[in-house]
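Residue strings, one per chain:
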Amino acid sequence: MKILNLMNKKKLTAQGSITVFMTFIFMIILSLILAIFENTRIISSTGYMKNASLSAEKTLFGDYNLELYKEYGLFGYGGYNGLDYDDMCQEFREIVKKNLCVKPENALLTYTDIYKIKNITVKTEKSQGFKDGDNWDRQIKACLVSDTVDEIADKIKNKHSEDGTYDEKEVYKRLDDADSYETGKYKEKYADKNEKGSEEKQGKTEIENSDKDGNKSEKNDKTEAQKDKADKKRNDMEDADIGNPLEMFKELVQNGYLSLVCDISEVSNESIEKALVEDGYVSEEKKVKENVLSESSKKNKAGKNVLSEDREKKISKSKKHEKTEDYESAGSFLKNIFSNTDMQDTDFKAIGSCGTNKLSEMIYAEKKLTSYAKSSASAVDYGMEYLICGKENERDNLTGVINRIISMRMLINFAIISKDEVIKAKALATATAIAGITGIEPVIKGVQYAIIAILAFEESCIDTAALLDGKKIPLLKNTTDIKIKYEEICTVSGSFFREKARQYQESDGKITANFIDYREYLFAFLAVVPEEKIKSRLFDIIQHDLRTRYNESFRIHDCIVAADYNITYSMKFAFPFLWNMYGKDLKYKKFRRQVSVSHRYG
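Throughout what follows, the structure given in this document is the object of discussion. (Residues numbered from 1 in each chain as written. Predicted model: local features only at pLDDT ≥ 70, side-chain atom pairs only at ≥ 80, totals over all residues. Heavy atoms only, no water.)

**A word on the pattern of salt bridges**
- Summed over the entire model, instances satisfying the criterion amount to 20 salt bridges.
- Linking E273 and R547 is a salt bridge whose minimum nitrogen-to-oxygen distance equals 3.7 Å. Separated by 274 residues along the polypeptide, E273 in the loop between helix 11 (258–261) and helix 12 (295–301) and R547 in helix 23 (residues 531–549) bring together distant segments of the chain.
- Residue E273 is classed as partly exposed on the basis of its relative accessible area, which comes to 41%.
- Three or more residues joined by partner-sharing salt bridges are found here, namely R409, E459, D463 and K477. (Salt bridge = Lys/Arg side-chain N within 4 Å of Asp/Glu carboxyl O. Helix = DSSP H or I, 4+ residues; strand = E, 2+ residues; numbered from the N terminus. Buried < 20%, exposed > 50% of the residue type's maximum accessible area, 1.4 Å probe, protein only.)

**Looking at empty space enclosed by the protein**
- Counted according to the given criterion, the structure contains 3 cavities of 30 Å³ or more.
- A volume near 50 Å³ is recorded for the largest cavity.
- Lining of the largest cavity is provided by K472, S507, D508, K510, T512, F515, I516, D517 and E520.
- Along the lines of polarity and charge, the residues of the lining of the largest cavity split into 2 nonpolar, 2 polar and 5 charged. (1 Å grid on protein atoms, 1.4 Å probe; cavity = no way out; pocket = protein on both sides within 12 Å on 5 of 7 lines; lining within 4 Å. Points joined across faces, edges and corners; volume = space filled by probe spheres on them. Nonpolar A, V, L, I, M, F, W, Y, C, P; charged D, E, K, R; others polar.)

**Concerning the packing of aromatic side chains**
- Under the definition given, this model contains 16 aromatic pairs.
- Note on Y64 and Y69: the rings are 5.7 Å apart at their centroids and 65° apart in plane angle, and the pair reads as edge-to-face.
- Judged by its relative accessible area of 26%, Y64 falls in the partly exposed class.
- Aromatic side chains F249 and F333 sit 5.5 Å apart centroid to centroid with 65° between the ring planes, which places their arrangement in the edge-to-face category. Taken together, the residues F249 in helix 10 (residues 245–253) and F333 in helix 14 (residues 330–338) connect sequence positions 84 residues apart.
- Looking at F249, the relative accessible area reads 0%, which means it is buried.
- In this structure F333 comes out as buried when scored by relative accessible area, which is 9%.
- Chaining the aromatic ring pairs together yields one cluster made of F130, W136, Y364 and F539.
- The ring of F515 has K472 lying over it, and the distance from NZ or CZ to the ring centre is 5.3 Å.
- K483 extends its terminal NZ or CZ atom over the ring of Y504, reaching a point 4.8 Å from the ring centre. (Phe/Tyr/Trp six-rings, centres within 6.5 Å; stacked < 30°, edge-to-face > 60°. Lys NZ or Arg CZ within 6 Å of the ring centre and 35° of its normal.)

**Some points on the pairing of strand 4 (residues 562–572)**
- The buried count for strand 4 comes to 10 of 11 residues, which makes it a mostly enclosed element.
- Bridge count for strand 1 (residues 117–128) against strand 4 is 9 bridges, and the pairing is antiparallel. Bridge pairing links K123 to N566 in strand 4. (Pairing = 2+ DSSP bridges.)

**Some details on the environment of E94**
- By the element assignment, E94 lies in helix 3 (residues 85–100).
- Along the sequence, E94 and V122 sit 28 residues apart, while their C-alpha atoms lie 9.7 Å from each other.

**Side note on the nonpolar core**
- Among the nonpolar cores identified, the biggest contains 111 residues, and L74, F130, F249, L334, F338, F457 and I542 are the most heavily contacted of them.
- Looking at this core, the element that brings in the most residues is helix 20 (residues 441–468), giving 17 residues.
- Not counting residues up to four positions away in its chain, the partners in contact with L334 are L175, F249, M410, A450, A453, I454 and F457.
- If you look at the next biggest cluster of nonpolar residues, it comprises 24 residues, including M49, V96, A563 and Y565. (Core = buried A, V, L, I, M, F, W, Y, C linked by side-chain atoms within 4.5 Å. Contact = heavy atoms within 4.5 Å.)

**Examining the packing of helix 16 (residues 356–368) against helix 23**
- In contact at an axis separation of 10 Å, helix 16 and helix 23 are set at 30° when each is read in the N-to-C sense. On the basis of their axis angle, the class for helix 16 and helix 23 is roughly parallel. Relative to helix 23, helix 16 is oriented so that their crossing is left-handed. From helix 16, N357, K358, E361, M362, Y364 and A365 reach across to helix 23, where they touch E531, I534, K535, L538 and I542.
- For the contact of helix 16 with helix 23, the per-class residue count stands at 6 nonpolar, 1 polar and 4 charged. (Axes fitted to C-alpha atoms, helices over the stretch in contact; angles between N-to-C directions. Parallel < 35°, antiparallel > 145°, perpendicular 65-115°, else oblique. Left-handed = near helix turned anticlockwise from the far one by under 90°.)

**What about the environment of V401?**
- Relative to the elements of secondary structure, V401 occurs in helix 18 (residues 394–417).
- Counting along the chain gives 17 residues from V401 to M384, while the straight-line C-alpha distance between them is 9.6 Å.
- Residues within four places of V401 in sequence aside, it is in contact with E385, I388, C389, Y518, L522 and F525.

**Quick word on helix 23**
- Over its 19 residues, helix 23 extends 27 Å from the first C-alpha to the last, a length consistent with the 27 Å expected when each residue adds 1.5 Å.
- With 14 of its 19 residues buried, helix 23 lies for the most part within the structure. (Expected span 1.5 Å × (residues − 1).)

**What to know about a nonpolar patch on the surface**
- A grouping of V20, F24, F26, M27 and L30 is seen on the molecular surface, where their side chains present a nonpolar patch of about 500 Å² in accessible area.
- Secondary-structure assignment places M27 in helix 1 (residues 2–61). (Patch = residues over 30% accessible without salt bridge, like charges linked within 9 Å, V, L, I, M, F, W, Y side chains within 5 Å. Areas by Shrake-Rupley, 256 points an atom, 1.4 Å probe, with all protein chains shown as cover.)

**Points about the packing of helix 14 against helix 18**
- At a minimum axis distance of 8 Å, the contact between helix 14 and helix 18 shows a crossing angle of 105°. Compared by their axis directions, helix 14 and helix 18 come out roughly perpendicular. Packed against helix 14, whose contacting residues are L334, I337 and F338, the element helix 18 presents S407, M410, L411 and F414 at the interface.

Listed below in structure tokens is the structure:
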């Protein structure tokens, strides 16, 4: 019996040992399974967070600035009502949180949040606007068809103005002589020469008279006859009522060029505010965030033109500068036109040296911006002219472009007119009638050249008026293309030029070899403007336009087109006792994940 009990006792002990051993094995296997599950859960949480952040990216950038895209084809987040990088970061975080809480449809009872993500924080790693990196170039290229860029660039860059040939030094010298006549300085300029010549002539006359007394009376008679002939010619010119082109010219240009080539009452006198202060895209001080537009903004949005006192002062100041600066003579004024520094650097060939980015900006500007000959609903009437001149006042920008065109056309027209023998003879006759009393041949020649230059200027005004009216004119002219007649030189006016300009044909917008329109001149002038200036001036125009028509708080340098964020979150362990076995009491474990969020258009 004792032996039987001892055997049963050993058997129970053995069974108990096996049970404890199996329990340990089971716990180890269970811990391994749970550890694998926990590790899988941790790893998959990063993918779960990534999916939530990617959808948040699309949702966030889907709220782009609608007006900016509608008007200029550009994508950008915010830029108005003080929205900036911090606001975007906060909104991104809220969207991510909502995405993490989304449940499958009809899964109220069965859905379980296996990740239990908490304490989500989002920090901005990097945010970019239009001015950063290649964002600007990339977006405007996406707005254009590459074939269009190549086509326009190739066609325009091969068109250049061969303005004819004439001796530039000779022209400058002759106009200086005309200036000396008008200012009365010719007496000083030629005094020594005339005095010396008179003494030589007097000595020679005395010798001749002493040797040939019999011919004295005959020579005097001949001199008297020449004088009578000159007087008769002068009287004939006065009877023809040509007038004095030099005096007429001063009256013609005293109010500036605008009144000669366009209806000055319809010219915009608005001022364009700079979007970026100084160089390097330094933004102006941030305005206080506000969602309610000011009263002036509401009026602007309703289409009313509200001017502050400061703007009124600017406009009145610009009106004072509408008139041409005072000058002493027509000769000096004409010489300044020929030596126009703004025009001299302009060449259609310069387009050939433009980089791809600059060409894209030029084509983009031509498509999106307005000009005098291309109107739209934009608040900036002369956008292309602003890109070229960069003046605050729109009237000044238009004036600057007109000055360039007139100067360029002057070279072409003067080269043609100065070779016309009939016009040269008429100009010489008029010059003799005006300045013949001086008896100085260089002065008379100088007045003749000044008259021809005045005629070329008037022809250039006709050309410019035609371009502004949407016409196309011959790139190079011949004598038959000259619209103005010599007899009209002293009877011209702004209405006269605009009436003559109607004789040209309307431009069809196509680029041809023999004709040129206003658009092509703007393109040529823009080719010599530095790329950075074009970029910053485009910012000015876009911001000013959207501020005036939509939201006065809009700031283009606050628009966000790319952003990188660092997302940090905490995740509660499903089986925290696993860590307790190692003597660690952790309820949460922090995981860091960086998600790149960016908007790439095109």
